[in-house]
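Residues per chain, in single letters:
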Amino acid sequence: MSSIVDDKIRTLSLALENLASSIIPELFIPRLRLSETPSSSNVLDQKPLSPVASEGAISEVEPLAGLFNQLMIRPGASTPSLYNLRSVLDKYLEISDDAKHAKSQIQDICNTNPDINISQIKQIETDLWNDYIEFPGDGKKQIEWFVVGSAAIVLYGHLLEDLLNQILPMSSDIYYWENLLNDPINVMIYSLQTAPVRMLRMGREVIIDAHRRISTGNHTLHEWIENIRDAFNRKRSQARNLHILTGENQYSYIRSMLSPFSNVYNEIQKNRQRLLQLRDLHSAGLGLLVGESMTFTQETWRQQIQRAADTMEEIVRGVNSNTESVTDFEERIFGITKSESFLTPPYLVASKLLSILNEHLPNHDSTKRSILKSSGKPDMVTRYWPVAFLSLTFGSAILNTLFRKQASIKQWIEDAGSTLVDFWYNWVVDPIKNILSTIRHDDDAEIAIVGRKSLESDMDSLERMVVDFAVDNSKSALDDSQISQIRNGVREGDVSAVLKVYEMELKNPIANTLRGELIRTLLIQVQKTKVDVEVAITGIDRLLKSQELVFGILAILPGLLISYAIGAWFLRTFRGKGLQRKGRKASEIFRALGNIERYLNLDDNSARTPISYSNQGRILCEVHILRHSSKILPRSFREDWFRDLSDVENMQLGVECQLRTVERIWRVYARFFV
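Predicted model, so just to flag it, every value in this text is computed and none were measured.

## Here's the deal with the overall build of the protein chain
Link 1 in the chain: Scanning the protein chain for helices and strands turns up 26 helices and zero strands.
Link 2 in the chain: Here the protein chain, with 674 residues, has 40% of them falling under the buried criterion.
Link 3 in the chain: Partitioning the intrachain contacts of the protein chain with sequence separation of at least 6 by distance along the chain shows that 76% fall at a separation of at least 24.
Link 4 in the chain: When the accessible surface of the protein chain is summed, it comes to about 39,300 Å², and 58% of that surface belongs to carbon and sulfur atoms.

Structure (structure tokens):
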């Protein structure tokens, strides 16, 4: 059971137990040992009664005490099942003296009047106890009331749990219809899925209408046209009223009427509206059950048990009717809870609880299933028949094509696999290795445009050429300092000794070409040009080496981006449903939290005043949805999540405290929903 249901029924069970120990201590204290610890929960163990409780009462109350013991809810124990509750109530009605007396009286009346019906029998049974009075010292009768009270508590808990659990499928179907309305493509798909059903329905209506017209003799063309016009006006009026009910504006109404899928839109709106009405009734019933729960006091505890049984019966009936407005439903329940009721024998209350258990709850389940079947999400056959039809129609042809092309497909798969492997190693693995070698300053991985020794050897050759040329063309012998000066000049790019001779030789180029130094000076300048080019290339080489890591990263980026895109595609393909499911859960959580905040803001109450019963029920329903959405959170946060939800559903905290709790939930957990 949910936390609020479990806490509620355990609190009521403990209150009834303490009340039993205080009202009839002469029967309970020696047996229960509650004289020193009145709040103990060791209720009705199986020890024999003390001789103190004499006067023959022990043997009479022993079966009743056993029944009471079966229905008590102890700490750590589970709530008795509906099967056990039905068994206890049947046994109680078998041993109740009042039930036996009423049965004999009714049997005599039925023997004298065989035509009497069930409703008359129930009225006669009620009239038998118009002047019913209980004596304060009747311990057996009080134990009977405790048995009935414990049964009412158990049924109360199961009814609360049932109403809460029914909110989940209804909310899921409402979200389904709302998602359809928000996406025209989904509406088109839904219209295709439900096309056979709508065609069968239309055909049946046409056959019925044709049969009616033939039987009435209306065959004229004018009458047919008038009937078609009336039918169209009637449909248009229904659509307009539906849009008014759902709060849509005039433009939305006109757009849906002009749409070829207007009937589908109207059908979706109708199903959604019916489910919303059913959920509002369930929420109102849930809020009334929680707000008008039993309170056990020594003066009116029996009337409270009797009134609780009447309230539960009317709530189940109201939810089953599915046609009553929430306001009328609440007013009718308030009329029962606020009216003065006359005390009846406990067996009548037990009979009413058994009637709820055997008749109203099964009717409630069948009504809910029929509504969900007619207005809820279509079944799997309806939703997936197009896929099945396409599979059966084209599946064999596709399989035959795949079988004939299996060699080509195999080769294509192998080529694709080898391409992926080569891409991975050539564009991802190798660039990563180069980056790592660059980081480690691996000489083998350095970028080099020219050889490391090329510039040095060319520079030495140029020095020797210039020095030899200077020595050969000098008028006097050169000492070591002059030669060293020439070498340093060449290192710095100064070959003026050659250029001066070159300028002189150009004055007579033909003669000097044959017998002068012109060709030699030209060749030295060619070597000089080669050295200059190598110096420039060496500078570029050094620049590239300084940015080698950047180039390596740029080289690997395309491979990484393509790998990321392929991996993301596979992730979306194979985990897309899980991500979509998480997105739907997150949207449900956002919607539930928004609804809770809205319901709290709608009640203009003070900080410590509980909100209305209908909004209490709606908040409990939304909290129940949030509890079942906890799997989206990390495990370390789920305990805190349940704690905060318990604060939200605790109506005694007041609106202001509940709103602050909702704000805390937004602030703490919103990052897990994005």
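And the narrative resumes.
## Some details on the packing of aromatic side chains
Link 1 in the chain: In this structure the tally under the stated criterion is nine aromatic pairs.
Link 2 in the chain: Centroid distance Phe-590 to Trp-666: 5.7 Å. Interplanar angle 5°. Geometry classified as stacked. One end of the pair, Phe-590, is in helix α23 (residues 548-602); the other, Trp-666, is in helix α26 (residues 655-669), with 76 residues separating them in the sequence.
Link 3 in the chain: In this structure an aromatic cluster arises from ring pairing among Phe-637, Trp-641, Tyr-669 and Phe-672.
Link 4 in the chain: Its end group placed over the ring of Tyr-599, Arg-618 keeps NZ or CZ at 5.9 Å from the ring centre.

## Digging into the pattern of salt bridges
Link 1 in the chain: Under the definition given, this model contains 21 salt bridges.
Link 2 in the chain: Among the salt bridges present, the one from Asp-460 reaches Arg-491, with a minimum N-O distance of 2.9 Å. With a gap of 31 residues between them, Asp-460 in helix α18 (residues 454-472) and Arg-491 in helix α19 (residues 480-491) connect regions that are remote in the sequence.
Link 3 in the chain: A salt bridge links Arg-643 to Asp-644, with the shortest nitrogen-to-oxygen separation between them at 3.2 Å.
Link 4 in the chain: A relative accessible area of 46% means that Arg-643 is categorised as partly exposed.
Link 5 in the chain: Taking relative accessible area as the criterion, Asp-644 reaches 1% and is therefore assigned buried.
Link 6 in the chain: Taken together, the salt bridges that share partners define one network made up of Asp-310, Glu-313, Glu-314, Arg-317 and Lys-352.

## So, helix α8 (residues 184-193)
Link 1 in the chain: All buried positions along α8 are accounted for by Val-187, Tyr-190, Ser-191 and Gln-193. Seen end-on, α8 carries its buried residues on one side only, within an arc spanning 160°.
Link 2 in the chain: Regarding α8, its N-cap is Asp-183, as a side-chain oxygen of that residue lies 3.2 Å from the backbone nitrogen of Ile-185 further along.

## Remarks on the environment of Gly-157
Link 1 in the chain: Inspection of the secondary structure assignment puts Gly-157 in helix α7 (residues 139-181).
Link 2 in the chain: Judged by relative accessible area, which is 0%, Gly-157 ranks as buried.
Link 3 in the chain: Each C-alpha atom, one on Gly-157 and one on Arg-10, is 9.3 Å from the other, the two residues being 147 residues apart in sequence.

## Looking at the packing of α18 against helix α20 (residues 496-505)
Link 1 in the chain: The geometry of α18 relative to α20 is characterised by a closest axis approach of 9 Å and an angle of 55° between their N-to-C directions. Comparing the axis directions of α18 and α20 gives the class oblique. Where α18 crosses over α20, the handedness of that crossing is left-handed. For the pair formed by α18 and α20, the contact residues are Val-466, Phe-469 and Ala-470 on the first element and Ala-497, Val-498 and Val-501 on the second.
Link 2 in the chain: For the contact of α18 with α20, the per-class residue count stands at six nonpolar, no polar and no charged.

## Topic: the side chain of Arg-638
Link 1 in the chain: Mapped onto the fold, Arg-638 is located in helix α25 (residues 635-649).
Link 2 in the chain: Buried charge without a partner: Arg-638 forms no salt bridge, and the closest opposite charge is Glu-639, 11 Å away.
Link 3 in the chain: A polar atom in the side chain of Arg-638 sits 3.3 Å from the backbone oxygen of Lys-631.
Link 4 in the chain: Setting aside its immediate chain neighbours within four residues, Arg-638 contacts Ser-630, Lys-631 and Leu-633.

## Comments concerning a positive patch on the surface
Link 1 in the chain: The grouping of Arg-201, Arg-204, Lys-270 and Arg-274 at the surface amounts to a positive patch.
Link 2 in the chain: For the positive patch, the secondary structure elements donating two or more residues are α9 (195-216) and α12 (262-291).
Link 3 in the chain: One can find Arg-274 in helix α12.
Link 4 in the chain: Owing to a relative accessible area of 36%, Arg-274 belongs among the partly exposed residues under this scheme.

## Focus on a nonpolar patch on the surface
Link 1 in the chain: Taken together, the side chains of Phe-389, Leu-390, Phe-394, Ile-398, Leu-399, Leu-402, Ile-409, Trp-412 and Ile-413 present a nonpolar region at the surface, about 960 Å² in accessible area.
Link 2 in the chain: Among the elements that take part in the nonpolar patch, helix α16 (residues 380-404) stands out by supplying six residues, more than any other.
Link 3 in the chain: Within the element layout of this structure, Ile-398 appears in helix α16.
Link 4 in the chain: Residue classification places Ile-398 among the partly exposed positions, given a relative accessible area of 48%.

## Overview of the environment of Ser-283
Link 1 in the chain: Along the chain, Ser-283 turns up in helix α12.
Link 2 in the chain: Expressed as a C-alpha distance, the spacing of Ser-283 and Leu-163, which sit 120 residues apart in the sequence, is 8.0 Å.
Link 3 in the chain: Looking at Ser-283, its side chain comes within polar contact range of the main-chain oxygen of Arg-279, at 2.8 Å.

## Details of the nonpolar core
Link 1 in the chain: Core analysis: the biggest nonpolar cluster contains 111 residues, and Phe-296, Met-312, Leu-353, Ile-619, Trp-641 and Phe-673 have the highest contact counts within it.
Link 2 in the chain: Here the element with the most residues in this core is α7; it accounts for 22 residues.
Link 3 in the chain: Residues within four places of Leu-353 in sequence aside, it is in contact with Leu-89, Val-148, Ala-151, Ala-152, Leu-155, Ala-309 and Met-312.
Link 4 in the chain: Counting residues in hydrophobic clusters, the runner-up holds 15 residues, among them Val-467, Val-498, Val-501 and Ile-524.

## Some words on the packing of α7 against α12
Link 1 in the chain: Packing of α7 against α12 leaves a shortest axis separation of 9 Å and a crossing angle of 155°. Our classification of the angle between α7 and α12 gives roughly antiparallel. When you trace α7 past α12, the crossing you get is left-handed.
Link 2 in the chain: A class-by-class count of the residues in the contact of α7 with α12 yields 19 nonpolar, seven polar and four charged.

## Remarks on the environment of Thr-79
Link 1 in the chain: With respect to the helices and strands, the residue Thr-79 is situated in the loop between α3 (57-71) and α4 (82-95).
Link 2 in the chain: Take Thr-79: its relative accessible area is 15%, and that puts it in the buried class.

## A look at α26
Link 1 in the chain: In this model, α26 (15 residues) spans 21 Å end to end at C-alpha, consistent with the 21 Å of a helix rising 1.5 Å per residue.
Link 2 in the chain: Three or more residues of α26 are buried, namely Val-655, Gln-658, Leu-659, Thr-661, Val-662, Ile-665 and Tyr-669. Here the buried residues of α26 occupy an arc of 155° about the axis, which is enough to place them on one side.

How each quantity is defined
- Residues numbered from 1 in each chain as written.
- Predicted model: local features only at pLDDT ≥ 70, side-chain atom pairs only at ≥ 80, totals over all residues.
- Heavy atoms only, no water.
- Helix = DSSP H or I, 4+ residues; strand = E, 2+ residues; numbered from the N terminus.
- Buried < 20%, exposed > 50% of the residue type's maximum accessible area, 1.4 Å probe, protein only.
- Contact = heavy atoms within 4.5 Å.
- Areas by Shrake-Rupley, 256 points an atom, 1.4 Å probe, with all protein chains shown as cover.
- Phe/Tyr/Trp six-rings, centres within 6.5 Å; stacked < 30°, edge-to-face > 60°.
- Lys NZ or Arg CZ within 6 Å of the ring centre and 35° of its normal.
- Salt bridge = Lys/Arg side-chain N within 4 Å of Asp/Glu carboxyl O.
- Arc of directions from axis to C-beta.
- Polar contact = N/O pair within 3.5 Å; in protein donor to acceptor, adjacent residues only side chain to side chain.
- Axes fitted to C-alpha atoms, helices over the stretch in contact; angles between N-to-C directions.
- Parallel < 35°, antiparallel > 145°, perpendicular 65-115°, else oblique.
- Left-handed = near helix turned anticlockwise from the far one by under 90°.
- Nonpolar A, V, L, I, M, F, W, Y, C, P; charged D, E, K, R; others polar.
- Lys, Arg positive; Asp, Glu negative; His and termini not counted.
- Patch = residues over 30% accessible without salt bridge, like charges linked within 9 Å, V, L, I, M, F, W, Y side chains within 5 Å.
- Charge placed at Lys NZ, Arg CZ, Asp CG, Glu CD.
- Core = buried A, V, L, I, M, F, W, Y, C linked by side-chain atoms within 4.5 Å.
- Expected span 1.5 Å × (residues − 1).

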